Amino acid sequence: MKQAKRIVAMVLCLLALLALPAGAVMEKGEPNITAQTTMKEVRNNPGIKNSGFYTYSQDKDCPPGQALWEMTTVEGYTNEYVAEGCAKGLNLVIENYNNGVQVTHSFYTDAEKAADRTKNNTGLFYFPAKAENAKFALILAGSGANESAELEEGACTAWQLHELGYAAFILRYRVWTDASDDAPLEDIGRAMQYIEEHAAEFGIQPEQYAIVGYSMGGHLTGLFGTESVGYQHYNVPKPAALLLGYPINDMTYIKPIYHVIQDIGAYGPKYYTRNLSDEITPDYPATYHWHGVNDTLLKELGYWRQGPQLEAALQANHVKHVFRVFNNAIELDRFTYDAAQRKAVRQELGLGDELVLGHVGRFCYAKNHEFLLDIMAEVCKQRPDAVLLLIGEGENEAAARRKAEALGLQRNVRFLGRQSDPAKFYQAMDAFVLPSRYEGLGIVLIEAQAAALPVICSTEVPQEAQVLPEMQYLSLQESPAVWADATIRAAENARRRDTSAEMRAGGFDIVTEAKKLEEFYFDLLK
């Protein structure tokens, strides 16, 4: 009787398969994704759709927004610097799927996910190595609020690791409202248990693994390396190395926000209340951490509470480690002075031989647009033909427009709004003015100097921003008339030229700096 039932079941399965459309069972995808492929095309690719690889890192819980996101290219969905690597990572997913590799794995049981719905929002995405018995790395992308970066940081890194001969796993961990009661740490622990249990199937060495974490993922990675809340609590081996890209060490003012969102009414330390530097002991894994010199988020969270404080803890505990700070560089070729482009942009703007000043920045308190307009009013007393180009948008734009009108500058000030490619406008300018009340590095100053513009900025701007001698610092205590005189003199004596060699020597060429980071990253993994 049992044998008869088995035969019937087999026949029914065969009939079900035969009833499917031709090619449906073995439908494969074309590994032809580029940086310009739309997200809709990515998601409709059978190799992505059928593999279960997660591509909703930004629009995951916003169905109305998905239609808009799907018209975005891979480059637009991620960014221009990692788009090519992401595309290669996606093509690797497709190739693996076509070769019969199970890409997506769940490290929670169906019963566990039924009992806790948040565990449905997790996953492990496998990228096999080129050879058996390989070392492996677990990748934790960054996250913030309800967004995550499994595609932006995960796919790109997985492809790079694959090229180096490593197996890689991208972890989708719980975020935001799903991340209560240290859920992300549990996700890492359970994922590692799953990897260790299936090491033979994955063709990897279960020991001597690395974890790569970015931003919030770096914070979680760092905590998992601790004895207090990390690997020991999940009975898995200690990581051999932690690679932390721009990690958050101390969440400072965000801590109470996360507490309200995730653990209201609960007490005791959580992953977001713990400072990584406080948990480090002499037995901490070898650590390699780095960030950009002008990392906006780290500055907002208090720069000295981040990388420098983590570095101090590693040193104090004599942990083997390396710390690097990389310049936030630009694509010099886009900004290098070009006389022909200058003429073309001026014609596009309806400008001839007028004195053209420029400013690029958000309309906010820090940028001090009201003082900039006072300077412009003084400039126009000497040069009535002068024009000020204002590129940007923000909460203070309406007030700036009203002030320009009150000063009678309607014909002298042009509000150009937000520009996707501001590089060409630098060519049309004769001088760049930045009277900021406070400033980070001020990447616009690097762009202006790359275009060989004389720059007049406030003494609140860091000295590290100066590359060329044409850059001048003035106190905000000086009158607008003094600023106007300095600006006019600088513009009239400007020596426009190709400054790319000087900018490259200063460490602000994105190609050179990216190469340094790539070499640093690859050296760590060899």
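Above this note sits the structure.
Just so we're clear, the structure is a prediction, and the values are computed from it rather than from any experiment. (Residues numbered from 1 in each chain as written. Predicted model: local features only at pLDDT ≥ 70, side-chain atom pairs only at ≥ 80, totals over all residues. Heavy atoms only, no water.)

## Here's the deal with the pattern of salt bridges
- Counted under the stated rule, the structure contains 29 salt bridges.
- For Lys-381, the salt bridge goes to Glu-378, with nearest N and O atoms at 3.1 Å. Placement of the pair is Lys-381 and Glu-378 together in helix H18 (residues 369-382), with a separation of three residues, close to one helical turn.
- Judged by its relative accessible area of 63%, Lys-381 falls in the exposed class.
- Among the ionic contacts, a cluster of salt bridges with common partners joins Asp-116, Lys-119, Arg-174, Glu-186 and Asp-187. (Salt bridge = Lys/Arg side-chain N within 4 Å of Asp/Glu carboxyl O. Helix = DSSP H or I, 4+ residues; strand = E, 2+ residues; numbered from the N terminus. Buried < 20%, exposed > 50% of the residue type's maximum accessible area, 1.4 Å probe, protein only.)

## With respect to the side chain of Lys-113
- Along the chain, Lys-113 falls in helix H7 (residues 110-115).
- The side chain of Lys-113 is buried and forms no salt bridge, while Asp-110, the nearest opposite charge, is found at 4.1 Å.
- In terms of polar contacts, Lys-113 uses its side chain to reach the side chain of Ser-106, at 3.1 Å.
- Residues contacting Lys-113, with those up to four places away along its chain left out, are Ser-106, Tyr-108, Lys-119 and Asn-120. (Lys, Arg positive; Asp, Glu negative; His and termini not counted. Polar contact = N/O pair within 3.5 Å; in protein donor to acceptor, adjacent residues only side chain to side chain. Contact = heavy atoms within 4.5 Å.)

## Brief notes about the sheet that holds strand S14 (residues 431-434)
- Here we have six strands laid out as an open sheet, ordered S13-S12-S11-S14-S15-S16, and parallel in their pairing. The strands lining the two open edges of the sheet, one partner per strand, are strand S13 (413-417) and strand S16 (471-474). Going across the sheet, the axis of each strand differs from the next one's by a mean of 25°, ignoring polarity.
- Inspection of the sheet shows strand S11 (residues 356-360) paired to S14 by two bridges, in the parallel sense. Of the residues in S14, the one forming a bridge with Leu-357 is Ala-431.
- Packed on one face of the sheet, helix H22 (residues 480-492) meets S11, S14, strand S15 (455-458) and S16 and runs near 155° to S15. (Pairing = 2+ DSSP bridges. Axes fitted to C-alpha atoms, helices over the stretch in contact; angles between N-to-C directions.)

## Topic: the packing of aromatic side chains
- Applying the stated rule across the entire model yields 20 aromatic pairs.
- Taking the centre distance of 4.6 Å and the plane angle of 55° together, the rings of Tyr-126 and Phe-202 count as tilted. Taken together, the residues Tyr-126 in strand S2 (residues 123-127) and Phe-202 in helix H10 (residues 199-202) connect sequence positions 76 residues apart. Each member of the pair Tyr-126 and Phe-202 is classed as buried.
- Taking 6.2 Å as the distance between ring centres and 55° as the angle between the ring planes, the aromatic pair formed by Tyr-194 and Phe-202 counts as tilted. (Phe/Tyr/Trp six-rings, centres within 6.5 Å; stacked < 30°, edge-to-face > 60°.)

## Description of the sheet that holds strand S10 (residues 321-326)
- Reading across the sheet, the eight strands line up as S1-S2-S6-S3-S7-S8-S9-S10 and stay open at both edges, with mixed pairing between neighbours. In this open sheet, the two strands that pair with only one neighbour each are strand S1 (104-105) and S10.
- Of the strands in this sheet, S1, S2, strand S3 (136-140) and strand S6 (167-172) are in contact with helix H9 (residues 183-197), which crosses S3 at around 155°.
- Where helix H11 (residues 216-224) meets the sheet, it contacts S3, strand S7 (210-214) and strand S8 (241-245), and its direction lies at approximately 145° from that of S7.

## Overview of the environment of Lys-403
- Turning to its location among the elements, Lys-403 is positioned in helix H19 (residues 397-406).
- Residue class for Lys-403 comes out partly exposed when judged on its relative accessible area of 25%.
- Lys-403 sits 33 residues away from Glu-370 along the chain, and the two C-alpha atoms are 7.3 Å apart.
- When residues no more than four places from it in sequence are discounted, the contact partners of Lys-403 are Glu-370, Leu-373 and Asp-374.

## Things to note about helix H21 (residues 443-450)
- A large share of H21 lies buried, amounting to seven of its eight residues.
- For H21, the set of buried residues is Val-444, Leu-445, Ile-446, Glu-447, Ala-448, Gln-449 and Ala-450.

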